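Chain and residue survey
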Amino acid sequence: MPSRRSFLASTIAGTVAVRNAHAAGRWPEPAPQQDDERYWRDLRREFSIPENEAFFNTCTLGSSPRVVQDAVVNHLRQADATIAHWDYRPENPDWFTGYRPELELRQKLGQLINADADEIALVQNATLGANYMANGLPLRPGDEVIMTNQEHVGCESPWRLRSKRYGIYVKNVAIPVPPESPQQLIDLFLRASTPQTKVWAIPHLTSAFAIRFPVDEMCRIARERGIISVIDGAQCCGHMRLDMRQMGCDAYFSSPHKWLFAPKGSGFLYIRRDRLPETWATVVSGEWDNYNSGAYRFMQIGSGNLSLLKGYEAAIDFHQRIGPERVERRMMALADRLRAGLRQIPQVHFLSPQHPALLCATTVWGIQGLRGRELMDQLWTRARIRVRAMGDTGVRLGCAIYNTTEEIDRTLATARELVRRT
Ligand SMILES: Cc1ncc(COP(=O)(O)O)c(C=O)c1O
C-alpha cells in the first residue's frame with residue numbers, strides 16, 4: 001500500500017507532468033493578433049469536439065478543454081485510490097467538498113470577476129444563486145420585485161415561490177423583441193417601479209433572445225433609489241469581462257459550466273460585502289450562523305465532488321491564460337461575421353438585438369417559412385452545425401472560442417442553401 005509520503009509524491013509528479021505538457025506547447029501561447037487564425041486553430045485542438053462538428057450551443061453548456069477534463073478525471077481516480085489516507089487533520093486535504101472554505105478557487109474567481117474571495121460562494125449553478133437570493137433577502141409581504149417577462153425559469157421560479165408563500169409581489173416588465181436601445185430597457189424598469197419596489201432582478205444577458213442589459217447603469221440607478229440589484233449572469237462568466245466593483249450590483253450569480261467551460265455543475269454566487277449580513281442562507285449545514293466568514297455559510301451544503309472543483313480551477317486558469325479580453329474580442333468578431341453575413345440574406349430575420357450596446361456573441365435568428373426546430377435540424381443534417389431552436393421563430397447560435405471562421409461561413413452557406421430550397 002502506498003505510504004502518505006509516496007501518495008503526496010505521486011500527486012506532485014502528476015501536477016508537474018501536466019505543467020510540463022503545457023510548457024512543451026500542447027497548450028499554445030496567446031498570439032498577438034485577435035484575428036490570428038492559426039492561434040485559434042491550434043487552440044481548437046485542446047477541445048474534444050470532432051473537427052467536422054460545429055458546436056454553437058455553448059449558451060446551454062460548454063465543452064470543457066482537455067486540461068479541464070484531465071484535472072477532473074485525474075483527481076477522481078486519485079481520490080478513489082487513496083481514500084484510506086484521509087486522516088481529517090485540518091492541515092491535510094479533504095477528499096470531498098462541502099465543509100471547507102475552498103479559498104484558493106474562490107480567490108481565482110475573485111480575480112476573474114473583481115471581487116473578494118469571501119464575497120463569493122461556490123454553488124452548483126445560477127439557479128441555486130437565484131434561489132439563495134430570492135429566499136434570503138429580508139423582504140416583507142407587499143414588497144415588490146421587478147423583473148422581465150423573459151427570465152429563465154431557474155431565475156424566475158424562486159421569486160414566484162417566495163411570492164406565493166410569503167406574499168411579495170413580482171412584476172414582469174414586457175421586453176420588446178428585439179429591444180431598440182439600452183435606454184428603452186432602463187425606462188421599462190423605471191416606469192414599473194413604485195415606492196414598494198425593493199429589488200430589481202435583472203438578467204445580464206437573456207437566455208432566449210440574447211439581450212445584453214445595461215447592468216452598470218441599472219445597478220447605479222437602483223442603488224440611488226435604495227433598490228437592491230440582483231443580477232442573473234448565467235450567460236456571462238467566460239463570455240464577457242466581469243467586474244463586480246464597477247458594476248456595483250448587490251448580488252450576481254453565474255454558471256461557468258457554459259462559457260468558461262468549467263465542469264458541469266459549476267456555479268458561483270457573489271454577494272456584495274455590505275449585503276452579506278442581512279442575507280439568510282436557506283440551504284444550510286454547520287457554519288450556517290457564522291457571519292464572520294463572508295459567503296462561506298452559503299456553500300455549507302454537505303458532501304460534494306472535489307474533483308469537479310479541480311476542473312473548475314483548471315477552467316479559470318485556461319481562460320486567464322488566453323485572456324478574458326482576447327476571448328471576448330474573438331467571440332464578438334465571429335458573431336459580427338455571422339450577423340453581417342445573415343444581413344445579406346433578405347429572408348433572414350433577427351430576434352436578438354441590433355443595437356451595438358445590446359449585442360453579445362450570441363445571435364438569435366430565423367428564416368422565413370422555416371420553423372425553429374426545422375432550421376435546427378436542417379443545419380445539423382446538412383452541415384453538422386449544432387444550434388438550438390428557440391420556439392417556432394428561430395435558432396440561437398452562440399460563438400465560442402472553439403468555433404472558427406470556417407464554421408461561420410459554413411453556417412451562412414447552409415442558410416443560403418435553405419433559403420433557395422424554401
Ligand atoms: C439567463 C439564464 N439564467 C439562468 C439559467 C439557468 O442556468 P443553470 O441551469 O446553469 O442554473 C440559464 C440557463 O441557460 C440562463 O440562460
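Our subject is the structure that appears above.
Because the structure is a prediction, the values reported are computed rather than measured. (Residues numbered from 1 in each chain as written. Predicted model: local features only at pLDDT ≥ 70, side-chain atom pairs only at ≥ 80, totals over all residues. Heavy atoms only, no water.)

**Overview of the site of the ligand**
- Neighbouring residues of the ligand: 14 residues in total, closest Thr127, Asp232, Gln235, Ser255 and Lys258.
- One of the backbone N or O atoms of alanine 126 is found 3.4 Å from an oxygen atom in the ligand.
- Here serine 255 contributes a side-chain N or O atom positioned 2.7 Å from an oxygen atom of the ligand.
- Protein contact buries 88% of the 390 Å² of open area that the ligand shows by itself. (Near = heavy atom within 4 Å. Polar contact = N/O pair within 3.5 Å; in protein donor to acceptor, adjacent residues only side chain to side chain. Areas by Shrake-Rupley, 256 points an atom, 1.4 Å probe, with all protein chains shown as cover.)

**Focus: the sheet that holds strand S12 (residues 388-390)**
- Sheet architecture is open: four strands sit in the order S9-S10-S13-S12, paired in antiparallel fashion. Either end of the sheet is taken by a strand with one partner, and the two such strands are strand S9 (348-350) and S12. Adjacent strand axes in the sheet meet at a mean angle of 40 degrees when their direction is disregarded.
- The pairing of S12 with strand S13 (residues 394-398) spans three bridges and is classified as antiparallel. The residue of S13 that forms the bridge with arginine 388 is arginine 396. (Pairing = 2+ DSSP bridges. Helix = DSSP H or I, 4+ residues; strand = E, 2+ residues; numbered from the N terminus. Axes fitted to C-alpha atoms, helices over the stretch in contact; angles between N-to-C directions.)

**Some thoughts on the sheet that holds strand S4 (residues 169-173)**
- Spatially, S2-S8-S7-S6-S5-S3-S4 is the arrangement adopted by the seven strands of the open sheet, whose pairing is mixed. Each edge of the open sheet is held by one strand with a lone partner, namely strand S2 (120-123) and S4. Averaged over neighbouring strand pairs, the angle between their axes works out to 20 degrees when direction is ignored.
- Relative to the sheet, helix H8 (residues 215-224) contacts strand S5 (197-203) and strand S6 (228-232), its axis offset from that of S5 by approximately 175 degrees. (Contact = heavy atoms within 4.5 Å.)

**Examining unusual backbone geometry**
- Proline 178 follows valine 177 through a cis peptide bond whose omega is -10 degrees.
- Inspection of the secondary structure assignment puts proline 178 in the loop between S4 and helix H7 (182-192).
- Of note, glutamate 102 is a non-glycine position whose phi angle comes to about 50 degrees, a positive value.
- Within the element layout of this structure, glutamate 102 appears in the loop between helix H3 (66-81) and helix H4 (103-113).

**Examining the pairing of strand S10 (residues 362-367)**
- Counting buried positions along S10 gives six out of six residues, so the element sits mostly inside the fold.
- Neither face of S10 is exposed, since Thr362, Val364 and Gly366 on one face and Thr363, Trp365 and Ile367 on the opposite face are all buried.
- Where S9 lies against S10, three bridges are found, and the strand directions are antiparallel. Looking across to S10, one finds that phenylalanine 350 is bridged to tryptophan 365.
- Alignment of S10 against S13, held across four bridges, turns out to be antiparallel. When the bridges of S13 are listed, tryptophan 365 appears paired with valine 395. (Buried < 20%, exposed > 50% of the residue type's maximum accessible area, 1.4 Å probe, protein only.)

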